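Observations on the model geometry
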Amino acid sequence: MLTFKSRTALVTGAGRGIGKAIAETLARHGVTVICVSKSADSCGATATAITAAGGKARAMAVDVANGAEVARASEELLKEFPNIDILVNNAGITRDGLLFRMSETDWNDVIATNLSSCFHWTKPLARPMTRARWGRIVNITSVSGIMGNAGQANYSAAKAGIIGLTKTLAREFASRSVTVNAVAPGFIKTDMTTEFVNNPEASAKILEVVPLKRFGESADIANMTAYLCSEEAGYITGQVFNVDGGMAM
Ligand code: NAP
C-alpha cells in the first residue's frame, strides 16, 4: 500500500490508455485528480468514472501543445486547487514516417505535443510545489527515446528530449524536495498501438525483441507512476524507469 497525504494531481492525456489508467490508479489511492485531454468528452468520461467509483476528479479539455492555452488553464486551476502537488506529463501522439518523407508539420506537431507540453505545464505548476517543499513530477517518455526507432525521428527526438528535461529539472528542484522522474514504456496495448497489436505479423515481429514475450498493459505503467508519486519514492529523482518487458536492457 502506497502513502499519499491528501494530494492533488494533474494528469495529461487522461482521457484514454495509459493516462486514464494513471488517473484512476492515483484516484484509488485517495488522490484528487485533474484529468486533462484534448477532447472534453474523453477527460470528462475518465473524471466521471473516477467519481462513480467514489474518488475525486475534475476534467478539463486543454490542447497541451498550445503554450497560451496551458498558461490560461494552469492559472484557472491553481485558483481552484492551490496545491497541485503531482504532475504527470503523459499526453502524446505519433506521426510516424521515414525522415525523407516526414513533413515539417509532423515534426513540429510531435515535438509540441510530446515535449513542449512538459515545459508548458511544469513552469506554472512546479512553482507552488517548490514553495510547499514537496512535489512529484513524472514525465512519460518511451523506449524509442532511449534506443531510437526507424520511422520515428520526431517521436524519438521528443522522447529523448523529455529525458534531458527530466534530469535537468530534477537537479533544479531537488533542494525543494520536488522529485522529477521519467517512465519509459515499451509496447503497451492502447489506441496508439492498436494497428501493430492487431496485426499478427507486426506483433510477432515486435514480440521477438520483448524478452517477456507479451505486450504491456496500461496498468503496468500506472503502477510504476503511482509509486513514483507516493511518499515512499521521496529519495528517487532524475531517473528513467523502463517498463518494457525487458526490451531496452
Ligand atoms: P493514447 O491511447 O493515444 O492516448 C493519448 C492521450 O493523450 C489521449 O487522452 C489524448 O486526448 C491525449 N492527447 C493527445 N494529444 C493531446 C493534446 N494536444 N492535448 C491534450 N491531450 C492530448 O496514447 P497512450 O498509448 O496511452 O500513450 C500515452 C503516453 O505514453 C504518450 O506520451 C505515449 O507517447 C507514451 N507511450 C506509449 C506507448 C504505447 O505503447 N502505448 C509506448 C511508449 C510511450 P484525447 O483523448 O482527447 O484524444
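Residues numbered from 1 in each chain as written. Predicted model: local features only at pLDDT ≥ 70, side-chain atom pairs only at ≥ 80, totals over all residues. Heavy atoms only, no water.

Concerning the site of the ligand
Neighbouring the ligand are 30 residues; Ser 39, Ser 42, Asn 90, Tyr 155 and Thr 190 lie closest to it. At 3.3 Å, a backbone N or O of Gly 15 approaches an oxygen atom of the ligand. Between the ligand and the protein, one listed contact pairs an oxygen atom with a backbone N or O atom of Gly 186 at 3.2 Å. Contact with the protein chains hides 93% of the accessible area of the ligand, taken as 900 Å² for the molecule alone. Those elements that provide at least two residues to the shell around the ligand are helix H1 (17–28) and helix H6 (153–173). (Near = heavy atom within 4 Å. Polar contact = N/O pair within 3.5 Å; in protein donor to acceptor, adjacent residues only side chain to side chain. Areas by Shrake-Rupley, 256 points an atom, 1.4 Å probe, with all protein chains shown as cover. Helix = DSSP H or I, 4+ residues; strand = E, 2+ residues; numbered from the N terminus.)

Considerations on unusual backbone geometry
The residue Ser 6 is not glycine, and still its phi comes out positive at about 35°. In the Ramachandran plot, Lys 213 falls in the positive-phi region, its phi being about 55° despite a non-glycine side chain.

Quick word on the side chain of Thr 12
Considering the arrangement of structural elements, one finds Thr 12 in strand E1 (residues 8–12). Using a relative accessible area of 2% as the deciding quantity, one classes Thr 12 as buried. There is a polar contact of 2.9 Å between the side chain of Thr 12 and the backbone nitrogen of Ala 91. Among residues more than four places away in sequence, those in contact with Thr 12 are Gly 19, Val 36, Val 64, Val 88, Asn 89, Asn 90, Ala 91 and Trp 121. (Buried < 20%, exposed > 50% of the residue type's maximum accessible area, 1.4 Å probe, protein only. Contact = heavy atoms within 4.5 Å.)

Some remarks on the packing of H1 against helix H9 (residues 218–229)
Packing of H1 against H9 leaves a shortest axis separation of 8 Å and a crossing angle of 50°. The angle between H1 and H9 places the two elements in the oblique class. The way H1 lies across H9 gives a crossing that is right-handed. The segment H1 lies against H9, with Gly 17, Ile 18, Ala 21, Ile 22, Thr 25 and Leu 26 engaging Ser 218, Ala 219, Ile 221, Ala 222, Asn 223, Thr 225, Ala 226 and Cys 229. A breakdown of the residues in the contact of H1 with H9 according to their chemical character gives nine nonpolar, five polar and no charged. (Axes fitted to C-alpha atoms, helices over the stretch in contact; angles between N-to-C directions. Parallel < 35°, antiparallel > 145°, perpendicular 65-115°, else oblique. Left-handed = near helix turned anticlockwise from the far one by under 90°. Nonpolar A, V, L, I, M, F, W, Y, C, P; charged D, E, K, R; others polar.)

A look at the pattern of salt bridges
Pairs can form between side chains of opposite charge once their charged atoms are near each other. Evaluated as defined, the whole model comprises eight salt bridges. In this structure, Arg 58 engages Glu 76 in a salt bridge whose closest nitrogen and oxygen atoms are separated by 3.6 Å. On the criterion of sequence distance, the pair formed by Arg 58 in strand E3 (residues 57–61) and Glu 76 in helix H3 (residues 67–80) is long-range, its members being 18 residues apart. Between Arg 58 and Glu 80 there is a salt bridge, with its nearest N and O atoms 2.9 Å apart. Separated by 22 residues along the polypeptide, Arg 58 in strand E3 and Glu 80 in helix H3 bring together distant segments of the chain. Residue classification places Glu 80 among the partly exposed residues on the basis of a relative accessible area of 42%. (Salt bridge = Lys/Arg side-chain N within 4 Å of Asp/Glu carboxyl O.)

Focus: the pairing of strand E4 (residues 86–89)
Side chains Ile 86 and Val 88 project from E4 onto one buried face, and the interleaved Leu 87 and Asn 89 project onto a second face that is buried too. Where E1 and E4 come together, three bridges link them in parallel fashion. Bridge pairing in E4 links Val 11 to Val 88. Following the backbone out of E4, through helix H4 (residues 104–132) and into the adjacent parallel strand E5 (residues 135–140), one traces a crossover that is right-handed. (Pairing = 2+ DSSP bridges. Right-handed = clockwise from strand over helix to strand, strands pointing away.)

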